[in-house]
Amino acid sequence: MKGGFHTPRGLRLPFIVFALFGMTIFMWGWEKTPLPAALFPPYGPFFRLSPGLFGSSLTSIPPEKQIHVDINPLMFARNETSGENAGQSVEMGMLANSTGEVESAKSQKKPVHVDNIQPSFGRIEKLDKSAGKPVDMGIQTDAGKPVDMGIQADVAPGRINESNDEGLHSDDKISEVTQETVDAAVPVNTPNASSIVGMKNGRNLTKQVTRQNCNYAKGKWVADDRRPFYSGSLCKKWLSEMWACRLRNRTDFSFEKFRWQPQDCEMEEFEGAKFLERMQDKTLAFIGDSLGRQQFQSLMCMITGGEERPDVVNVGWEYGLVKARGHVRPDGWAYRFPDTNTTIVFYWSACLCDLEPLNATSDPTTTEYAMHLDRPPAFLRRFLPRFDIVVLNTGHHWNIGKLTANRWVMHVGGVKNTDPKIADIGGAKNLTIHSIVQWVDSQLPKHPSTKAFYRTISPRHFLNGDWNTGGTCDNTNPLSKGSEVVQDESIDSVPAMAVKGTKVKLLDITALSQLRDEGHISKYSIRPSPGMQDCLHWCLPGIPDTWNEIVFAEL
């Protein structure tokens, strides 16, 4: 029979089909199989398509954006990475997994962007055995040249310098996905964390650097002879005499020789020059009660080192902060450091809500004021756009005696309050704190460079009575109540709850200050009265300096 199926000619067709099918399977598995990929890299120079076929979609990266890391190029598969200009891309590999197999592009959630790999993200201290040599990542452009990011390998292998003047700080928490030493690594930024990725003995190693905010409220007090930052007897330009305990009869000042040490991070050492540099062309405003004023005066003394600084300009008039006729003092102060154009402001707002005269009379002692619990102070509404940092606080004026003496009448929604739950002092304070935090949070998107903090309440230490009933705070032994704060959550729960879910940060100073009862003015007031002590305000230098150290660290 001619031309039958079993003749040589009849066998050719299935053989050809089988060969084509086998070749297809081989080509499909080439990229995904370690051995063929190792022998014949699918994206090697012999098989790379010419950039001309795609116009400008494949371009080389300019020298200033190139990376060198000594890693086997076989660790990479295909991944499209953004180039310097819009619309440009470069073929770059995915990392091999821990078994040496190359992962497909689909297994990676996000492409690794070259522009996101910044040399300033910490220091890669020694990624190559040869000191001073650039580390070659083996990342190939279409021209076959390695991409150079300028990362220098010049220190101990596998370590990341936690320098405070570069991207990785000592308060960054590092979790190691593997315990192997990373011989070569490069940082890759993601929205919530940064990864250090590299290879050792053909294995993919990853260190995850999670940028988490340090809990500055949790830690302990430690002795430090470098404190205080300024002299309480010399900082007369900025410090009220009534709070300068060295000008009183007090003789024990051991309370000045302590600093706060957060538990899980190092708090950056405060320096006046560094603060001004960081606040170049910026304004910081404190808005609150007399404890806010103490924090303001503390910061002025810290910045100047307690020196006179005749170059500092009083710019209170720019904010309407001038002493009105018949008043003892203005409603606040504002000073500018001309060399850096840095302005520090304080505005007195004891209740942190808007006060509006109801029956303005010629005698201010008889004028009643609408206390708008759900409305921020007019000063804040007017000047918030000018503030880069704002620190808010309220607390100790929230009692019936203070409200009655000040002739403040609670209002909500523009009318006198009739809700008994709000009429209760606790309810009124709660409403006000939540209202102002929500209002500030609503304004921050309009002012992206502005940072807002709500400072928790400063504790009182009256024993055996209150300020007007014989309460005292005579202890002079530092840390007699303990030296450490171990809880994670703030003990001032109202503002802690108010800031949750907002961009307003909590400046939590309550628990750490609670341990320092020896730091109050006590019986050393400027005009002491028999049977009355000041166990509310602090001696300066003193505890408010630490509050400002935390603000500085937060900046």
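In this report, we go over the structure that sits alongside the text. Bear in mind the structure is a predicted one, so any value in this text is a computation, not a measurement.

## Looking at the state of the cysteines
Okay, step 1: What the rule picks out here adds up to four disulfides.
Okay, step 2: A disulfide bridge connects Cys-235 with Cys-301, and the sulfur atoms are separated by 2.1 Å. Taking the sign of the S-S torsion, about -100° here, the bridge from Cys-235 to Cys-301 comes out left-handed. One end of the pair, Cys-235, is in the loop between strand 11 (219-223) and strand 12 (258-262); the other, Cys-301, is in helix 4 (residues 290-304), with 66 residues separating them in the sequence.
Okay, step 3: Taking the relative accessible area as the measure of exposure, Cys-301 reaches 0% and is therefore buried.
Okay, step 4: Disulfide pairing is shown between Cys-473 and Cys-535; the S-S distance is 2.1 Å. Here the disulfide of Cys-473 and Cys-535 is left-handed, its torsion about the S-S bond being about -95°. With Cys-473 in the loop between strand 22 (451-455) and strand 23 (484-485) and Cys-535 in strand 26 (residues 534-538), the pair connects residues that are 62 residues apart, well separated along the chain. For the pair formed by Cys-473 and Cys-535, the shared burial category is buried.

## With respect to the packing of helix 4 against helix 11 (residues 543-554)
Okay, step 1: At their nearest, the axes of helix 4 and helix 11 sit 9 Å apart, and the two run at 75° to each other. One element, helix 4, and the other, helix 11, form an angle in the roughly perpendicular class. Residues Leu-291, Gln-294, Gln-295, Ser-298, Leu-299 and Met-302 of helix 4 form the contact with helix 11, whose participating residues are Pro-544, Asp-545, Trp-547, Asn-548, Glu-549 and Val-551.
Okay, step 2: Residue composition of the contact of helix 4 with helix 11, grouped by class: six nonpolar, four polar and two charged.

## Remarks on the pairing of strand 15 (residues 332-337)
A regular strand carries its side chains on alternate faces of the sheet.
Okay, step 1: Burial of strand 15 is extensive: six of the six residues sit out of reach of the surface.
Okay, step 2: Covered by surrounding structure in strand 15 are Gly-332, Ala-334 and Arg-336 together with Trp-333, Tyr-335 and Phe-337, the residues of both alternating faces.
Okay, step 3: Judged from the two bridges that link them, strand 14 (residues 313-314) and strand 15 form a sheet pairing that is antiparallel. Bridge assignment links Val-313 to a residue of strand 15, and that residue is Arg-336.
Okay, step 4: Across six bridges, strand 15 lies against strand 16 (residues 342-348) in antiparallel orientation. The partner of Gly-332 across the bridge, within strand 16, is Tyr-347.

## Some details on the pairing of strand 22
Okay, step 1: Extensive coverage of strand 22 is indicated by the burial of four of its five residues.
Okay, step 2: The pairing of strand 22 with strand 24 (residues 505-507) spans three bridges and is parallel. The residue bridging Tyr-454 from the neighbouring strand is Leu-506, located in strand 24.

## A closer look at the sheet that holds strand 23
Strand pairs in the sheet, formed through backbone hydrogen bonds, run parallel or antiparallel to each other.
Okay, step 1: In spatial order, the strands read 12-11-23; together these three strands make up an open sheet with antiparallel pairing. Bordering the open sheet on either side are strand 12 and strand 23, each of which pairs with just one other strand.
Okay, step 2: Pairing of strand 11 with strand 12, which is carried by five bridges, proceeds in the antiparallel orientation. Along strand 12, the bridge assignment pairs Val-222 with Arg-259.

Basis of the calculations
- Every chain's residues receive numbers from 1 upward, in the order its sequence appears when written.
- It should be noted that, the model being predicted, local features are given only for residues of pLDDT at least 70 and side-chain atom pairs only at 80 or more, the latter also being counted only at that level, while totals for whole chains, interfaces and linings use all residues.
- Working from all heavy atoms in the structure, the side-chain values ignore hydrogens and water.
- Here, the term disulfide refers to a pair of cysteine sulfur atoms separated by no more than 2.5 Å.
- For helices the rule is a DSSP run of H or I covering at least 4 residues; for strands it is a run of E covering at least 2, with both sets numbered from the N terminus onward.
- Three labels apply to residues, based on accessible area from a 1.4 Å probe with only protein chains included: buried if under 20% of the type maximum, exposed if over 50%, partly exposed otherwise in between.
- For helices, the fitted line uses only the C-alpha atoms of the stretch in contact; every axis is such a line through C-alpha atoms, and the angle between N-to-C directions lies from 0 to 180 degrees.
- When describing relative orientation, an angle under 35 degrees is termed roughly parallel and one over 145 degrees roughly antiparallel, while 65 to 115 degrees is termed roughly perpendicular and anything else oblique.
- The contact criterion used is simple: two residues touch if any of their non-hydrogen atoms lie within 4.5 Å.
- Residue classes follow a fixed rule: Ala, Val, Leu, Ile, Met, Phe, Trp, Tyr, Cys and Pro count as nonpolar, while Asp, Glu, Lys and Arg count as charged, and any other residue, Gly among them, counts as polar.
- Paired strands, in this sense, are two strands between which DSSP finds at least two bridges.

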